[in-house]
2 protein chains.
Amino acid sequence: MEKQTVTIYDVAREAAVSMATVSRVVNGNPNVKPATRKKVLAVIERLDYRPNAVARGLASKRSTTVGVIIPDVTNIYFASLARGIDDIAMMYKYNIILTNSDDAGEQEVNVLNTLMAKQVDGIIFMGNHIDDKLRAEFKRAKAPVVLAGTVDPLNETPSVNIDYAAAVEETVTNLIKRGHKQIALALGSLTQSINAEYRLTGYKRALSKAKIAYDDSLVYEAGYSYDAGVKLQPVIADSGATAVFVGDDEMAAGIINASMESGIDVPNDLEVITSNDTIITQITRPAITSITQPLYDIGAVAMRMLTKLMNDKELDEKTVTLPYGIVRRASTKSVD
Amino acid sequence: MEKQTVTIYDVAREAAVSMATVSRVVNGNPNVKPATRKKVLAVIERLDYRPNAVARGLASKRSTTVGVIIPDVTNIYFASLARGIDDIAMMYKYNIILTNSDDAGEQEVNVLNTLMAKQVDGIIFMGNHIDDKLRAEFKRAKAPVVLAGTVDPLNETPSVNIDYAAAVEETVTNLIKRGHKQIALALGSLTQSINAEYRLTGYKRALSKAKIAYDDSLVYEAGYSYDAGVKLQPVIADSGATAVFVGDDEMAAGIINASMESGIDVPNDLEVITSNDTIITQITRPAITSITQPLYDIGAVAMRMLTKLMNDKELDEKTVTLPYGIVRRASTKSVD
DNA sequence: ATCGTTAATGAAATCGCTTTCATGAAAATA
DNA sequence: TATTTTCATGAAAGCGATTTCATTAACGAT
């Protein structure tokens, strides 16, 4: 026995008004006599009528749903952005269709297409790399796209980020000031622009300002995981580096734990700085000095921008750069 | 200039067939002559036609979307389940509408209702407590609901879990065997059934089997966070407990770090065991002994069950209990 | 009392698809 | 060859809302 669904038509009949009037009441259209509104609301209550969002979406061409593409929900960094996105979305009565892309180009294009098929009103994209294929998809999408915590070197798509290059430059410069000459850089793949075109750039800038020769044997492409950090540690140890900047907190934790366990003291033998200031940085011992990012806000601001675009409003600025900070913890030596 | 959308009607016209035939081709209905199929596919390709999932949903009464209610995406435990859910969902061509509930009853009911309004075909619910209000909502929903990593003491709703009580009983029994008499229990709120009716039960069972009197001053209701653990640590220290079972990994990390920093050695002065075997347990020093749960699988199995229910199939078992394990790490002493 | 406005409502088209049913053609059976 | 089945297809009726347009009622203003 299927549960019977109550439609707007049922309400109209019971209330002895037209569907149009019921629709007006439901949508808060002011053009309804108070008495009529009251009558309709009573029927809605009595029948327990709930508007069908799908039908509404078809008729109005707005689904009040936005697509969110995330590399992996279990990654705390992106999950934090997602939380910001969802909170603001909810505030504006949107829902989130969340899909994991694993940062894989093909998969990203796929989910983008299924999201478009679902008629999402907008899309928030998170990932480590934007290529031409993706840009092309963004363009043909009729829904606006905003990048969160994700850089497009060509700046074609609205985005919210921090200044990754400047942040890395500043931290590396700090290390140099404290006497380090051999500073390793542990990143994800250099095919990803956030690494190749931002973090690496900041690193090189710091070196060049200090007149230190760039040595690419100190730059490592590892994965973004704890185990990747553990595996990378002996390599860093062999390189003679006395400090390392790491692109991911879990990887940094792996490096720190593996170092300490092999007798290399952090920070005395190796100083470690990481990028995302997730809870991980507080949990390790020593705790990890990190660039701080307003993770939640990056997501929240991106979603706010998207709501504007979805309502055909102009954006104040297409590329929003939120402030970053640096928080010193025990994985680096104090300056004094 | 709005982007023009191509509809099934356009395809039908161009291919000189009826909409019905195009629909059959798109949906893989075998009742189409190969020649016709080919012709239609060519037009679809040429016009770059993408079926509108909203229209399809309205006509077919299936949205191929499932709702997922999660306390907080940034919680690694639940995020891990969510990942399992999404992967299986994708495998079955479903999308996920993800909403954070903050474990708050009112909010949970709200999102449940907006999900139903969106005509989701099914719902996966994660949370720490199921109450009557929620059960009532589940019942009136016309879409099936499955609980993931979430217990319903009344067993009214299909669910996937491990045997929390047995797991706690086993770990606490181990502690007792190693000579502990004062074992603290650090949980979330005792208003939540997973704590009050499962973990606490297991704890009491272990004590009673060992003829140790239950002392409720050793049971603590804290939050599920790192800071909650840090705050709770001095209280545990004062209690004279020599071991503690913790309900959340981040909280356990907080207890461990705070202990070590106040001169209480883990595991020599205090043994610590936690519940969820997330990456956190490997990152702390000492690493944390933990109950192991197949997190991803809990989500994946829940989603598989949901697909069955959505296709009106019978469930082999309404309540699935996945096996748990215990992994010893450095926060407990070896047994020998 | 009359006319121009504005407010309140309903009729009906529309959104883009699925699906039932009818129908004619082709294939299989007698 | 006649008859029954099966196949392939199209016409058209929904699905449950929104929205445009027309219409009538009420309201001021003159």
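What comes next concerns the included structure. (Residues numbered from 1 in each chain as written. Chains lettered and ligands numbered in written order. Predicted model: local features only at pLDDT ≥ 70, side-chain atom pairs only at ≥ 80, totals over all residues. Heavy atoms only, no water.)

## As for the overall build of chain A
Then, number 1: Helix and strand content of chain A: 13 helices and twelve strands.
Then, number 2: By the compact-globule yardstick of 20 Å for 336 residues, chain A is too spread out, its C-alpha radius of gyration being 25 Å.
Then, number 3: For chain A, the C-alpha atoms occupy an extent of roughly 85 × 40 × 35 Å along the three principal directions.
Then, number 4: Burial statistics for chain A: of 336 residues in total, 54% are counted as buried.
Then, number 5: Taking the intrachain contacts of chain A between residues at least 6 apart in sequence as the baseline, contacts between residues at least 24 apart amount to 69%.
Then, number 6: Split by element, the accessible area of chain A, about 14300 Å² in all, is 52% carbon and sulfur.
Then, number 7: Within chain A, the 41 negative side-chain charges are centred at a point lying 11 Å from the centre of the 37 positive side-chain charges. (Helix = DSSP H or I, 4+ residues; strand = E, 2+ residues; numbered from the N terminus. Rg over C-alpha atoms; globule rule 2.2 N^0.38 Å. Buried < 20%, exposed > 50% of the residue type's maximum accessible area, 1.4 Å probe, protein only. Contact = heavy atoms within 4.5 Å. Areas by Shrake-Rupley, 256 points an atom, 1.4 Å probe, with all protein chains shown as cover. Lys, Arg positive; Asp, Glu negative; His and termini not counted. Charge placed at Lys NZ, Arg CZ, Asp CG, Glu CD.)

## Concerning the relation of the copies chain B and chain A
Then, number 1: When chain B is fitted to chain A, the residual RMSD is 0.1 Å, and the transformation amounts to a turn of 180° plus an axial shift of 0.0 Å. In symmetry terms, the pair is related by a two-fold rotation axis. Closest approach to the rotation axis within chain B is made by the C-alpha atom of Ile 97 of chain B, at a distance of 2.2 Å.
Then, number 2: Of all interface residues in chain B, 100% are interface residues in chain A too; the two copies therefore contact each other through one and the same surface. (Least-squares fit on C-alpha atoms with pLDDT ≥ 70 in both.)

## So, the sheet that holds strand S12 (residues 325-327) of chain B
All names here are of chain B.
Then, number 1: In spatial order, the strands read S7-S6-S8-S9-S10-S12; together these six strands make up an open sheet with mixed pairing. Each of the sheet's edge strands pairs with one partner strand only, and the pair in question is strand S7 (219-221) and S12. Within this sheet the neighbouring strands show an average axis-to-axis angle of 20°, counted without direction.
Then, number 2: Where strand S9 (residues 271-274) and strand S10 (residues 289-292) come together, two bridges link them in parallel fashion. Residue pairing for S10: Thr 274 is matched across the bridge by Ser 290.
Then, number 3: Across the face of the sheet, helix H10 (residues 226-239) comes into contact with strand S6 (183-187), S7 and strand S8 (243-246) while running at roughly 165° to S7. (Pairing = 2+ DSSP bridges. Axes fitted to C-alpha atoms, helices over the stretch in contact; angles between N-to-C directions.)

## Digging into the protein's contact with DNA strand D
Then, number 1: Every one of the 28 residues lining DNA strand D counts as a neighbour, but Ile 8, Ser 23 and Asn 52 of chain A together with Thr 21 and Thr 36 of chain B are closest to it.
Then, number 2: For DNA strand D, the fraction of atoms within 4 Å of the protein that belong to sugar or phosphate moieties is 64%.
Then, number 3: Here Lys 33 of chain B contributes a backbone N or O atom positioned 2.8 Å from a phosphate oxygen of DNA strand D.
Then, number 4: Within the backbone of Ala 59 of chain B, an N or O atom sits 3.3 Å from a base oxygen of DNA strand D.
Then, number 5: Residues that form the surface near DNA strand D fall into these classes: 13 nonpolar, ten polar and five charged. (Near = heavy atom within 4 Å. Polar contact = N/O pair within 3.5 Å; in protein donor to acceptor, adjacent residues only side chain to side chain. Nonpolar A, V, L, I, M, F, W, Y, C, P; charged D, E, K, R; others polar.)

## A look at the interface of chain B and chain A
Then, number 1: Listed as interface residues are 53 residues of chain B and, on the opposing side, 53 residues of chain A.
Then, number 2: Each partner contributes to the roughly 4700 Å² buried at the junction of chain B and chain A, and carbon and sulfur atoms together form 53% of this total.
Then, number 3: The largest share of the area that chain B buries against chain A comes from Arg 83, Lys 118 and Ile 283 of chain B, three residues that together contribute 15% of it.
Then, number 4: In this structure, the connection of chain B to chain A is made through eight salt bridges.
Then, number 5: For Asp 48 of chain A, the salt bridge goes to Arg 140 of chain B, with nearest N and O atoms at 2.6 Å.
Then, number 6: Linking chain B with chain A are 30 residue pairs in polar contact (both at pLDDT 80 or more).
Then, number 7: Classifying every residue of the side of chain B that touches chain A by side-chain character gives 21 nonpolar, 18 polar and 14 charged. (Buried area = accessible area lost by both parts, 1.4 Å probe. Salt bridge = Lys/Arg side-chain N within 4 Å of Asp/Glu carboxyl O.)

## Things to note about the protein's contact with DNA strand C
Then, number 1: Around DNA strand C, 29 residues are found, and the nearest of them are Thr 21, Arg 24 and Thr 36 of chain A together with Ile 8 and Ser 23 of chain B.
Then, number 2: Of all atoms in DNA strand C that approach within 4 Å of the protein, 63% are sugar or phosphate atoms.
Then, number 3: At 2.3 Å, a backbone N or O of Ile 8 of chain B approaches a phosphate oxygen of DNA strand C.
Then, number 4: Considered class by class, the residues forming the surface near DNA strand C number 13 nonpolar, ten polar and six charged.

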